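Notes for the structure review
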Amino acid sequence: MPHPTSQAKPTTRDDVARLAGVSPAVVSYVVNGGPRAVSPANEAKVRQAIRALGYRPNAAARALALGSSEMLAMIVSDAMNPFYASLARAVENAAAERGYTLLLADSQDSLRTERRLIKNFAARRVDGLFLCSLLFEPDLMDLEQADIPAVLLNHATDLATAGSPAVMKHGAGGHGPNSVGVAFQDGARMAVEHLISHGHERIGLVMGGNADSELDAREVGWHQGIQDAGLTEGPIVRAPFNREGGYRAGQELLARSERPTAVFVSSDQQAAGLLCALHEAGLRLPEDLAVFSFDGAPESEYTWPRLSTVAQPIKDLAQAAVNALLTPEPGQETQTKIFPAELVLRASCGCH
């Protein structure tokens, strides 16, 4: 009789194979979904044996055998933001098509938290990391020391203007992570130019960010569009990238003695809060104030009025990021892939 404190021996793959009357390799093929096909009869036997024995595969042992955890990680700056939620789902779907599971973490707009999360994922030996960073050039030393690849996602630059995505190579033997993003500066400039085409000459800016953030390309694009038209810049209100930030920004704009006739807002989420403040004040949109935002998140189509927005191709971004992380070409130079921005014209700017 075993001692009361003794531990039962864990069920192994060999135990399942003996009960099912198949080889351990067949059990492995069933559990892992390949790489070889198993007949329906044998698969049924294996699954019945697994249930009878309560067998649970050892994920750590599998990762050791494969040399891969089959897990990828993603860090976003605000998981509550509908744009990042949509982007994370698209990345998860693209990763799943390649047999990988995605772990999602939220830095909550904190550079300190972002660095801690990078260190944690490096220690857990994930197979790769997608990073939506607060910085243009984040510190990835922990990943580099662990030999874990990274892709900077939602990376802002102004390489692409229209048509196909632009690809910039960083030179032979270039170091650092690949990056994928949208032409933020060009998109913001086009939005401002569109507002100008409606006759607006005083265009304000609601710009997100915090003390950790660097100069945003959307702000550069706003400046460029106004300067190219020879106009005077409207007021700038800085607010967090969320609905409350947009709401407070709207209140601040309304309190100013000289109110702009149009405003470019750095995110759809901010714009939703801004619309609330404008409605409370009894303003008509776009007659009293036209609004153009950035992101193309699903909620932009369900505000009132519907938001004109600079849309980001979320599925294309996700697929390009997964490809850059999992299938880099041998000896490939570091690349930045930038998709062109696209204007989605709706009622908030005066269209339709």
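Residues numbered from 1 in each chain as written. Predicted model: local features only at pLDDT ≥ 70, side-chain atom pairs only at ≥ 80, totals over all residues. Heavy atoms only, no water.

Moving on, we come to the side chain of T303. Along the chain, T303 turns up in the loop between β10 (290-295) and β11 (308-311). Once residues within four sequence positions are removed from consideration, T303 is found in contact with A272 and L275. (Helix = DSSP H or I, 4+ residues; strand = E, 2+ residues; numbered from the N terminus. Contact = heavy atoms within 4.5 Å.)

On to helix α6 (residues 111-123), then. For α6, which comprises 13 residues, the first-to-last C-alpha distance of 19 Å matches the rise-based estimate of 18 Å (1.5 Å per residue) to within 8%. Taken together, the buried positions of α6 are occupied by L111, T113, E114, L117, I118, F121 and A122. Close packing links the buried residues of α6 with β1 (71-76), β2 (101-106), β3 (128-131) and α7 (141-145). (Expected span 1.5 Å × (residues − 1). Buried < 20%, exposed > 50% of the residue type's maximum accessible area, 1.4 Å probe, protein only.)

The next thing to look at is the packing of aromatic side chains. The way to describe two aromatic rings as a pair is by their centre distance and the angle between their planes. All chains considered together, the criterion is met by 2 aromatic pairs. Ring geometry for F184 against F294: centres 5.1 Å apart, planes inclined by 10°, an arrangement best described as stacked. Note that F184 is positioned in helix α8 (residues 184-197) and F294 in strand β10, a separation of 110 residues in sequence. With relative accessibility at 2%, the residue F184 sits in the buried group. On the basis of relative accessibility, which here comes to 0%, the residue F294 falls in the buried class. (Phe/Tyr/Trp six-rings, centres within 6.5 Å; stacked < 30°, edge-to-face > 60°.)

At a minimum axis distance of 7 Å, the contact between α8 and helix α9 (residues 217-228) shows a crossing angle of 40°. Relative to α9, α8 is oriented oblique. In the crossing of α8 with α9, the sense of the turn from one axis to the other is right-handed. Contact residues: α8 offers F184, Q185, A188, R189, V192 and I196, while α9 offers A217, R218, V220, G221, W222, Q224, G225, I226 and D228. (Axes fitted to C-alpha atoms, helices over the stretch in contact; angles between N-to-C directions. Parallel < 35°, antiparallel > 145°, perpendicular 65-115°, else oblique. Left-handed = near helix turned anticlockwise from the far one by under 90°.)

Our focus in this paragraph is the sheet that holds strand β8 (residues 236-238). The 6 strands lie next to each other as β8-β7-β9-β10-β11-β13, forming an open sheet whose pairing is mixed. The open sheet has two free edges, formed respectively by β8 and β13 (342-344), since each of these has just one partner strand. With direction set aside, neighbouring strand axes in the sheet form an average angle of 20°. In this structure, strand β7 (residues 203-207) lies alongside strand β9 (residues 262-265), joined through 4 bridges in parallel fashion. Bridge assignment links G204 to a residue of β9, and that residue is V263. Against the sheet, α9 contacts β7, β8, β9 and β10, and its axis sits at roughly 175° relative to β7. Contacts from helix α10 (residues 243-255) reach β7, β8 and β9 within the one sheet, and its direction differs from that of β8 by about 150°. (Pairing = 2+ DSSP bridges.)

A word on the pairing of β2. Relative to β2, β1 is paired through 6 bridges, and the arrangement is parallel. Opposite I75, over in β2, you have A105 as the bridge partner. For the crossover that starts at β1, traverses helix α5 (residues 82-96) and ends in the parallel β2, the hand is right-handed. (Right-handed = clockwise from strand over helix to strand, strands pointing away.)

This brings us to helix α11 (residues 268-280). Between its first and last C-alpha, α11 extends 19 Å over 13 residues, near the 18 Å set by a 1.5 Å rise per residue. For α11, a buried count of 10 out of 13 residues is recorded, marking the element as mostly surrounded by other parts of the structure. All buried positions along α11 are accounted for by D268, Q269, Q270, A271, A272, G273, L274, L275, A277 and L278. Where α11 is buried, its residues touch α5, β7, α10, β9, β10 and β11. Once α11 ends, the next one or two residues include G282, with phi positive near 80°.

Under the criterion given, the structure shown has 10 salt bridges. The salt bridge partner of K119 is D142, with a shortest N-O separation of 3.4 Å. Residue K119 is found in helix α6, and its partner D142 is found in helix α7; the two are separated by 23 residues along the sequence. Here D142 falls in the partly exposed class, since its relative accessible area comes to 25%. Where D186 meets R189, a salt bridge forms, and the shortest distance between an N and an O atom there is 2.3 Å. (Salt bridge = Lys/Arg side-chain N within 4 Å of Asp/Glu carboxyl O.)

Here T101 lies in strand β2. As for T101 and E70, which are separated by 31 residues in sequence, their C-alpha atoms are 6.4 Å apart. Residues within four places of T101 in sequence aside, it is in contact with E70, M71 and L72.

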